[in-house]
Structures are given as C-alpha cells and as structure tokens.
Amino acid sequence: MELDRLDRDIIAALVDDARATYADIGQQVGLSASAVKRRVDRLQKSGAITGFSARVAPQALGWTTEAYVELFCQGKTKPSDIALAVARFPEVVAAATITGEADALLHIRATDVRHVERVIERIAAEAFVVRTKSSIVLSRLVDIPPGAALTDPRNGSHVAGR
C-alpha cells in the first residue's frame, strides 16, 4: 500500500490522539472533515490502519513486573508451534522468532517476580522447549507505543507521533 504525505499526516494525528475528530485532524492537515473520513476509511480498508484502542498502563491493571525470556527449542521446531503454545499464556504480551542462539524471545508481564517464575516454569514444560534464559526488567528507559514513532523506510523521514 502506498501512503502519500496526507495519509502519513492523518496517521500521525491519529497516533497522537485517536479520539480527535475528523474536523480537528482536517484542520491539522489542511483537508475537510469529510475528506479526512474518506481517507481514514480507505486506510482502514487497505489495512494500513488496523484499529483503534486505548493505551492502558499495565501497572494500572496490576501487571507491575515484566521479563524477557529467550526460548531454546528442540530441533526444527516450527515458529507456528511456538506461537500456538505461547499464545495460551495471557502473560505473554509479545513473542518473536529471533537470530542468534535462541529460537524465540517472549515478553512477559506479570504481577510479581514469583508470577514470572511460575509462567516460565509452565512455558519450560512445553515439549519442544529445551531451556529458557530470562531477564527481569528493572526500569524502562524508552517506551514508545506501537506506531507512535514511524519513519518512512524509503527515506527515513518522520511519519507519525512525537
């Protein structure tokens, strides 16, 4: 999907405040409210905008501890098998296959260190897991919400957020 400058400006405005009215966004980008709505509808239909949601501080929900866990898997474990297994854990908020020695990296949020330990124990019990290596987060130094700091991969120009 090809995004022009106006599309990027609209996305930036929505990332900054997804509750902004089409009229407010139109004022920012130099379009009418109806033109902004048409573009947002088109961006949603094309899949460039995948949805709107509230960003809630995990601590507000009791998730005060987080960890990153590397998974080391048996033989040729398929990424889809890893995804299927870890998706069963609500504490796993992100998972990715990675380069290096480990096969996957999990981001876990929990109520405390003991909770993290129990989750890791349950994940380590999966048949394909050989071992895990975990790191507890002490403090976040940079925490940019997904989509808030986008750049155009073609030229590195700022697209949205901040």
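Because the structure is a prediction, the values reported are computed rather than measured. Sequence order as written defines residue numbering, which begins from 1 separately in each chain. Confidence filtering applies because this is a predicted model: local features only for residues at pLDDT of at least 70, side-chain atom pairs given and counted only at 80 or more, and all residues used for totals across whole chains, interfaces and linings. Water and hydrogen atoms were dropped before computing side-chain values, which therefore reflect all heavy atoms in the structure.

*Asks:* When you look at the environment of Ser 32 in this model, what are you seeing that I'm missing?
*Replies:* Structurally, Ser 32 is set in the loop between helix H2 (22-29) and helix H3 (33-46). Separated by ten residues in sequence, Ser 32 and Tyr 22 place their C-alpha atoms 7.9 Å apart. In protein, a polar contact means a hydrogen-donor-capable atom and an acceptor-capable atom, both N or O and within 3.5 Å, with residues adjacent in sequence counting only if both atoms are side-chain atoms; elsewhere, any N or O pair within 3.5 Å suffices. Side-chain polar atoms of Ser 32 contact the side chain of Ser 34, separated by 3.2 Å. At 3.1 Å, the side chain of Ser 32 forms a polar contact with the backbone nitrogen of Ala 35. Numbering of helices and strands starts at the N terminus; helices are DSSP runs of H or I of at least 4 residues and strands are runs of E of at least 2.

*Asks:* What should I look at first to understand H3 in this one?
*Replies:* Helical geometry: 3.6 residues make up each α-helical turn, so side chains three or four residues apart lie on a common side. End to end, H3 covers 20 Å across 14 residues, agreeing with the expected 20 Å (1.5 Å per residue, within 8%). When accessible area is computed with a 1.4 Å probe and restricted to protein chains, residues below 20% of their type maximum are described as buried, those above 50% as exposed, and intermediate ones as partly exposed. Within H3, burial applies to Ala 35, Val 36, Arg 39, Val 40 and Leu 43. When H3 is viewed along its axis, its buried side chains cluster within an angular range of 135° and face the same direction. Exposed residues on H3 whose side chains face more than 90 degrees from its buried face are Arg 38 and Lys 45. We call two residues in contact whenever any of their non-hydrogen atoms come within 4.5 Å of each other. Lining the buried residues of H3 we find helix H1 (5-16) and H2. One or two positions beyond H3, positive phi appears at Gly 47, with a value near 90°. Take the number of residues in a helix, subtract one, and multiply by 1.5 Å to get its expected span. Think of it as the arc spanned by the lines of direction from the helix axis to the C-beta atoms.

*Asks:* Whenever I open this one, the pattern of salt bridges confuses me. Can you help?
*Replies:* Once their charged atoms are close, side chains differing in charge can pair, the charge on each being opposite to the other. Every case where a carboxyl oxygen of Asp or Glu lies within 4 Å of a side-chain nitrogen of Lys or Arg is listed as a salt bridge. Considering all chains together, one arrives at 13 salt bridges under this definition. A salt bridge links Arg 39 to Asp 4; the shortest N-O distance between them is 3.0 Å. Of the two residues, Arg 39 sits in helix H3 while Asp 4 sits in the segment before H1, which places them 35 residues apart along the sequence. Among the charged side chains, a network of salt bridges with common partners joins Asp 4, Asp 7, Arg 39 and Arg 42.

*Asks:* Would you mind going over the sheet that holds strand S4 (residues 129-136) with me for this structure?
*Replies:* Adjacent strands of a sheet pair through backbone hydrogen bonds, lying either parallel or antiparallel. Any two strands are treated as partners once DSSP identifies two or more bridges connecting them. As summarised here, the arrangement of the four strands in space is S2-S3-S1-S4, forming an open sheet in which the pairing is antiparallel. Only two strands of the sheet have a single partner each, and these edge strands are strand S2 (92-97) and S4. Across the sheet, the axes of successive neighbouring strands diverge by a mean angle of 20°, strand direction being ignored. What counts as an axis is a line fitted to C-alpha atoms, over the stretch in contact for a helix, and the angles between N-to-C directions run from 0 to 180 degrees.

*Asks:* Hey, could you run me through the packing of H1 against H2 in this one?
*Replies:* Where H1 meets H2, the closest approach of the two axes is 10 Å, and the angle between their N-to-C directions is 130°. Taken together, the axis directions place H1 and H2 in an arrangement best described as oblique. Handedness of the H1/H2 crossing: right-handed. Of the residues in H2, those touching H1 at Leu 6, Asp 9, Ile 10, Ala 13 and Leu 14 are Ile 25, Gln 28 and Val 29. Here the nonpolar group is Ala, Val, Leu, Ile, Met, Phe, Trp, Tyr, Cys and Pro; Asp, Glu, Lys and Arg are the charged ones; every other residue, Gly included, is treated as polar. Residue classes in the contact of H1 with H2 are distributed as six nonpolar, one polar and one charged. The scheme is simple: roughly parallel for angles under 35 degrees, roughly antiparallel for over 145, roughly perpendicular for 65 to 115, oblique for anything else. Each helix crossing is assigned a hand: it is left-handed if the near helix lies turned anticlockwise from the far helix by less than a right angle, otherwise right-handed if that turn is clockwise.

*Asks:* Can you help me understand the nonpolar core in this one?
*Replies:* If you look at soluble globular proteins, the nonpolar side chains tend to sit buried side by side. What makes a nonpolar core is a set of buried Ala, Val, Leu, Ile, Met, Phe, Trp, Tyr and Cys residues whose side-chain atoms join them at distances within 4.5 Å. Counting residues in each nonpolar core, the largest one holds 19 residues, and the members touching the most others are Leu 71, Ile 82, Val 92, Leu 106, Ile 108 and Ile 123. Mapped by element, the contributors of at least two residues to this core are strand S1 (65-73), helix H4 (79-86), strand S3 (104-110) and helix H5 (113-124). Excluding its chain neighbours within four sequence positions, the residues that come into contact with Leu 106 are Ala 67, Tyr 68, Val 69, Leu 71, Val 86, Val 92, Ala 94, Ala 95 and Ile 123. Judged by nonpolar contacts, the second largest core, of 14 residues, contains Leu 6, Val 15, Ile 25 and Val 36.

Fair warning: the whole summary comes from geometry, so function is off the table for now.
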